[in-house]
Structures are given as C-alpha cells and as structure tokens.
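In case you want the letters, here they are:
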Amino acid sequence: MSLLEIKNCTICYQNGRPAVSEVSLSVSEGEIVSIVGESGSGKTTLIRAVLGLLPPGGKITEGQILFNGKDLVKASEQEMQDIRGREIAMIFQDVGAALDPIQRISRQYGEAIAVHEKLPRQEYRKRAVSMLKRMHLTDTERVMDSYPFELSGGMKQRVGIAMGMNAQPKLLLADEPTSALDVTIQAQVVHEMKQLREKYGTTIILVTHNMGVASYLSDKIGVMCQSRMVEFGSRDEIIYHPKEPYTQKLLEAVPKLGGRRFAK
Ligand code: ADP
Ligand code: MG
C-alpha cells in the first residue's frame, strides 16, 4: 500500500481558477519524490493540502488525500493536529523567517522534537547540535543559545531545516528548503535529506525547481505545469525518457557538465 496517495485532487482559492487541478500521485514508504515545475504551477498548494494547512481561502473541492489509507480531506482539525509533527512534518519555504523571534533556538528546537518523543534535555540538545553541524553551521552551541535576530537569514533557514529533519516524521514535506542557500551548502543539505531516508526510512516529498537536485535525490519525479501534474514517473523515466514537451524544456535548461547533464 502507498503511504500517501493523492487521488484526483482539485484545490481552489476564492473565486479563482483551480490552483491544483485533478492531480493524482502515489508515494510508497521510504521513497523520495520531487515535485518540479514553474512558479505558480500549484506545488506549494498541493503539499500544504497534505498537511491540512492551506492558506485562508484555499479549499479542496474534489478528490482524496489518503495517508496510510485514511482520507485526510475528511479528517477533523483535531485528527490533523495529531498527525502534524508526529507523522507528517513540513519544512516551509521561509522556515527560517518563521522562527519565533522571542524564544531562543534551543527552546524552539526542544518543542519541535518533543512533539515526536519525550527526551531528556541533554539528549535532544546533543541530537540538535549534531544535526546543525551537518547543516554546515559552526559554533553550534552558540547558535542553540541565540535568539533568531542574532542569526543571519541563511543560518535561520538551516536551523529550520534541521528542526524539521530532527522531528523524524514518517513523511517529510519540504518546500524549496534550500533555494535561498549557497550552492555548496545546498548540496550538503540535500545530501543530508538523502541520509535521513537511508537511516530512518523517512519518506520525503521535495518541492524544488532545481532539476539537478531532483535527479540526484529522487526515486520518482512529478512535473507540474499550470495547476496540472503533466507527468509523474520514476526518476529514470523523467530524466531520460520524458514524454511531455514541458518536461523536455525543463531538462534542456540544465547546463551540461562534461557532456552530461545528469550523473547516472
Ligand atoms: P507554486 O508553489 O508552484 O509556485 P502555488 O501553489 O504557490 O504555486 O500557487 C498556485 C496558484 O495558486 C497560483 O496561481 C497562485 O497565485 C495561487 N495562490 C497561491 N497562494 C494563494 C493564496 N494564499 N491566495 C490566493 N491564491 C493563491
Ligand atoms: Mg511554491
């Protein structure tokens, strides 16, 4: 059975065209799926719907979102709260900017991990510091004791990503988490996401407009264009045998290195 199965899902904002039209996709446990596509194609709307956190005015008008066979579209707010954090976590695009400005990082970190499991303070701090190091942050003890305003934008973003990863959900949704980071740090963060799957079997859905990242990381890739999922298939199908002209265009935009666009 799929861990997540989205069936024929349509999502609208007030009096607009659908932001997501009749989208279907399935994700098995332990898979990494990337969703790519131009800005405004509905990627963020789709993954926010999985978490039951659409922006005001957003509504699922048709379809099902089955998580472990349970339809989240019909779930109550209480049921969704139980699922959020514990089973499904999300790293928002601006996760760094969304940190609570009046609480130290250590406190927020503790809360993020505590949703999942009760740990002694020293243990979660150890885990947090280790994850922050893997995000290429230095002086991690100081970072833990800082308030958000004491950190740069890139540092905050990496703290937010680390918090999402440390929560060890079954399903991790990540919305362009690395777009604002330097290329080398971006590569490291993406590598750590892959590690998360290797170590804990975490299922990951990543929204990215970087085809190189999608190719490196994913088992499956979904391509969105103007609210529709125009193509969804295995990584190799999409990278080497794309059917849609739109997918071909995205792939051709990736620069070649040594005669090749993508490593095997
Ligand atoms: P993407 O993440 O692929 O850039 P989005 O899901 O953010 O796309 O947006 C899909 C469509 O929904 C766009 O047409 C966008 O203008 C619209 N949209 C997104 N968020 C809102 C919102 N909060 N209110 C109204 N329309 C929105
Ligand atoms: Mg988006």
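See the structure shown above.
To keep things clear, this report deals only with the structure shown in the data block. (Residues numbered from 1 in each chain as written. Chains lettered and ligands numbered in written order. Predicted model: local features only at pLDDT ≥ 70, side-chain atom pairs only at ≥ 80, totals over all residues. Heavy atoms only, no water.)

Positionally, threonine 203 belongs in strand E8 (residues 203–207). The exposure class of threonine 203 is buried, given its relative accessible area of 1%. (Helix = DSSP H or I, 4+ residues; strand = E, 2+ residues; numbered from the N terminus. Buried < 20%, exposed > 50% of the residue type's maximum accessible area, 1.4 Å probe, protein only.)

Let us look at the site of ligand 1. Taken together, Tyr13, Ala19, Glu38, Ser39, Gly40, Ser41, Gly42, Lys43, Thr44, Thr45 and Pro55 make up the full set of residues near ligand 1. Within the backbone of glycine 40, an N or O atom sits 2.7 Å from an oxygen atom of ligand 1. One of the backbone N or O atoms of serine 41 is found 3.2 Å from an oxygen atom in ligand 1. Relative to its unbound accessible area of 560 Å², ligand 1 is 59% covered by the protein chains. (Near = heavy atom within 4 Å. Polar contact = N/O pair within 3.5 Å; in protein donor to acceptor, adjacent residues only side chain to side chain. Areas by Shrake-Rupley, 256 points an atom, 1.4 Å probe, with all protein chains shown as cover.)

Before going further, it helps to examine the pattern of salt bridges. For side chains of opposite charge, pairing can occur when their charged atoms come near one another. A complete count under the given rule lists 16 salt bridges for this structure. Of the charged contacts in the structure, one is a salt bridge between lysine 74 and aspartate 71, with a shortest N-O distance of 3.5 Å. Classification of lysine 74 by relative accessible area gives exposed; the value is 69%. A residue is classified by how much of its surface remains accessible, and aspartate 71, at 13% relative accessible area, is buried. As a salt-bridge pair, glutamate 111 and arginine 107 come within 3.8 Å of each other at their nearest N and O atoms. Taken together, the positions of glutamate 111 and arginine 107, both in helix H3 (residues 105–114) and four residues apart, correspond to about one turn of that helix. Judged by its relative accessible area of 43%, glutamate 111 is partly exposed. (Salt bridge = Lys/Arg side-chain N within 4 Å of Asp/Glu carboxyl O.)

Further remarks concern the sheet that holds strand E5 (residues 70–71). Within the open sheet, the four strands sit side by side as E2-E1-E4-E5. Their pairing is antiparallel. Here the strands that pair on one side only, and so sit at the sheet edges, are strand E2 (18–27) and E5. In the sheet, strand E1 (residues 4–12) pairs with E2 via six bridges, with the strands oriented antiparallel. Residue pairing in the sheet places isoleucine 6 in a bridge with leucine 25 of E2. Together, E1, E2 and strand E4 (59–67) form the strand contacts of helix H1 (residues 43–51), whose direction differs from that of E1 by roughly 115°. (Pairing = 2+ DSSP bridges. Contact = heavy atoms within 4.5 Å. Axes fitted to C-alpha atoms, helices over the stretch in contact; angles between N-to-C directions.)

On to the nonpolar core, then. In terms of nonpolar packing, the biggest core is built from 36 residues, with Tyr109, Val159 and Met165 touching the most fellow members. The greatest single-element share of this core, amounting to six residues, is contributed by helix H6 (residues 153–166). Contacts of methionine 165, omitting those with residues within four sequence positions, involve Ile91, Met131, Met135, Leu172, Glu192, Met193 and Leu196. Grouped together as the second largest cluster of nonpolar side chains are 31 residues, Leu3, Leu25, Val27 and Leu72 included. (Core = buried A, V, L, I, M, F, W, Y, C linked by side-chain atoms within 4.5 Å.)

The interhelical angle for the contact between H6 and helix H7 (residues 183–200), taken along N-to-C directions, is 5°, at an axis separation of 11 Å. In terms of orientation, H6 lies roughly parallel with respect to H7. For the pair H6 and H7, contact is made by Arg158, Ile161 and Met165 and by Ile185, Val189, Glu192, Met193 and Leu196, respectively. Along the lines of polarity and charge, the residues of the contact of H6 with H7 split into six nonpolar, no polar and two charged. (Parallel < 35°, antiparallel > 145°, perpendicular 65-115°, else oblique. Nonpolar A, V, L, I, M, F, W, Y, C, P; charged D, E, K, R; others polar.)

Describing an aromatic ring pair means giving the distance of the ring centres and the angle of the ring planes. Under the definition given, this model contains one aromatic pair. When the ring of tyrosine 147 is compared with that of phenylalanine 149, the centres are 6.1 Å apart and the planes differ by 5°; the resulting orientation is stacked. Above the plane of the ring of tyrosine 216 lies lysine 194, whose end atom (NZ or CZ) is 4.3 Å from the centre. (Phe/Tyr/Trp six-rings, centres within 6.5 Å; stacked < 30°, edge-to-face > 60°. Lys NZ or Arg CZ within 6 Å of the ring centre and 35° of its normal.)

Pairing is mixed across the open sheet formed by six strands, whose spatial order is E6-E7-E8-E3-E9-E10. Edge strands, defined here as strands with exactly one partner in the open sheet, are strand E6 (88–91) and strand E10 (228–234). Pairwise comparison of adjacent strand axes, ignoring direction, gives a mean angle of 15° for this sheet. Against the sheet, H1 engages strand E3 (32–37), E6, strand E7 (171–175), E8, strand E9 (220–225) and E10, with an angle of about 150° to E7.

Treat this as a map of the structure, not an account of what it does.
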